[in-house]
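Working through the structure, step by step
The residues making up each chain are set out below.
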Amino acid sequence: MIRGPGFAIWDAAISKQFSVKERGRLMFRGEFFNFLNHTNWTGVSTSLGTGTFGRITSACDPRKVQLSLKLEF
C-alpha cells in the first residue's frame, strides 16, 4: 500500500439580488472552487520499473471562478 499526499479543497459561493423596476429581479452569483488555491497533488506513480515510480508528477486543477447573472421578470 502506498500512501499519497493529503487532499484539501475549499469551495465558496456568494450571491446578491437586486430589484429591477417593479417586477424584475437581477441576481449576481459568484462561485469559487478551490477557494484557497491549495495545491492538491495527484497520486503517487505505482508503475514498478519506470523512472517515475514513487514520484508525484502532476497536480489537480487550480482555483476556478464562475460568475453569473440571472434576470427574472
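Residues numbered from 1 in each chain as written. Predicted model: local features only at pLDDT ≥ 70, side-chain atom pairs only at ≥ 80, totals over all residues. Heavy atoms only, no water.

Remarks on the side chain of Ser45
Inspection of the secondary structure puts Ser45 in the loop between strand S2 (24–33) and strand S3 (64–72). Note on Ser45: relative accessible area 17%, which makes it buried. For Ser45, the residues in contact, after removing those within four places along its chain, are Thr50, Thr52, Phe53, Gly54 and Arg55. (Helix = DSSP H or I, 4+ residues; strand = E, 2+ residues; numbered from the N terminus. Buried < 20%, exposed > 50% of the residue type's maximum accessible area, 1.4 Å probe, protein only. Contact = heavy atoms within 4.5 Å.)

Focus on the sheet that holds strand S1 (residues 12–20)
Spatial ordering of the open sheet is given by S1-S2-S3, a layout of three strands whose pairing is antiparallel. Both outer strands of the open sheet, S1 and S3, are each paired with one neighbouring strand and no more. With direction set aside, neighbouring strand axes in the sheet form an average angle of 10 degrees. Bridging between S2 and S3 involves nine bridges; their strand directions are antiparallel. By the bridge assignment, Arg29 is partnered in S3 with Ser68. (Pairing = 2+ DSSP bridges. Axes fitted to C-alpha atoms, helices over the stretch in contact; angles between N-to-C directions.)

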